[in-house]
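Survey of secondary and tertiary structure
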Amino acid sequence: MNKKRLAIITEIVPPVSACVSYILIVSKSDSAWVRYVIAITFLLAFFGFVFFFIGRALAKHDKAVRILGIFDWLATAYVFAIYLIAIFSFGL
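I will try to describe carefully the structure that is included in this document. Keep in mind the model is a prediction, meaning the values are calculated, not measured.

Moving on: the environment of Phe 51. Structurally, Phe 51 can be placed in helix α3 (residues 48-58). Judged by relative accessible area, which is 17%, Phe 51 ranks as buried. For the pair Phe 51 and Lys 28, spaced 23 residues apart in sequence, the C-alpha separation works out to 30 Å. Setting aside anything within four residues of it in sequence, one finds Phe 51 in contact with Thr 10, Glu 11, Val 13, Pro 14, Leu 44 and Asp 72.

Below you can see the structure in the form of structure tokens.
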């Protein structure tokens, strides 16, 4: 597998996990495995900045990696925003 393809696959993980976590949070299903999947996807979305640096190291000047890098940072910002909303909604 070449470095460009591996970098793109690595860069796709945080935005997809952020979308999956949002869909599962909003859904009405509530079970132990759903909470487990939400926790895993939240961690993957939170470490979007790490995936950004890994992708940049593998394929520096690829346009797709640059664009997906922006989405990686947005996935990290999404996790911070969810936690800020939770803190303000509970008044802590």
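Mapped onto the elements, Ile 8 comes out in helix α1 (residues 3-26). With a relative accessible area of 22%, Ile 8 lands in the partly exposed category. Separated by 44 residues in the primary sequence, Ile 8 and Phe 52 have C-alpha atoms spaced 10 Å apart. Residue contacts for Ile 8: discarding those within four places in its chain leaves Asp 62, Ala 64, Val 65 and Leu 68.

What counts, and at which threshold
- In every chain, residue numbers begin from 1 and rise along the written sequence.
- Whole-chain, interface and lining totals are the exception, using all residues; otherwise, since this is a predicted model, local features are given only for residues with pLDDT of at least 70 and side-chain atom pairs are given and counted only at 80 or more.
- To get the side-chain values, take all heavy atoms of the structure and skip hydrogens and water.
- Put simply, DSSP marks the helices as runs of H or I at least four residues long and the strands as runs of E at least two long, and each gets a number from the N terminus on.
- Accessibility here uses a 1.4 Å probe with only protein chains present; expressed as a share of the type maximum, an area under 20% marks a residue as buried, one over 50% as exposed, and anything in between as partly exposed.
- Should any heavy atoms of two residues lie within 4.5 Å, those residues are counted as being in contact.

Distances and angles like these do not, on their own, reveal function.
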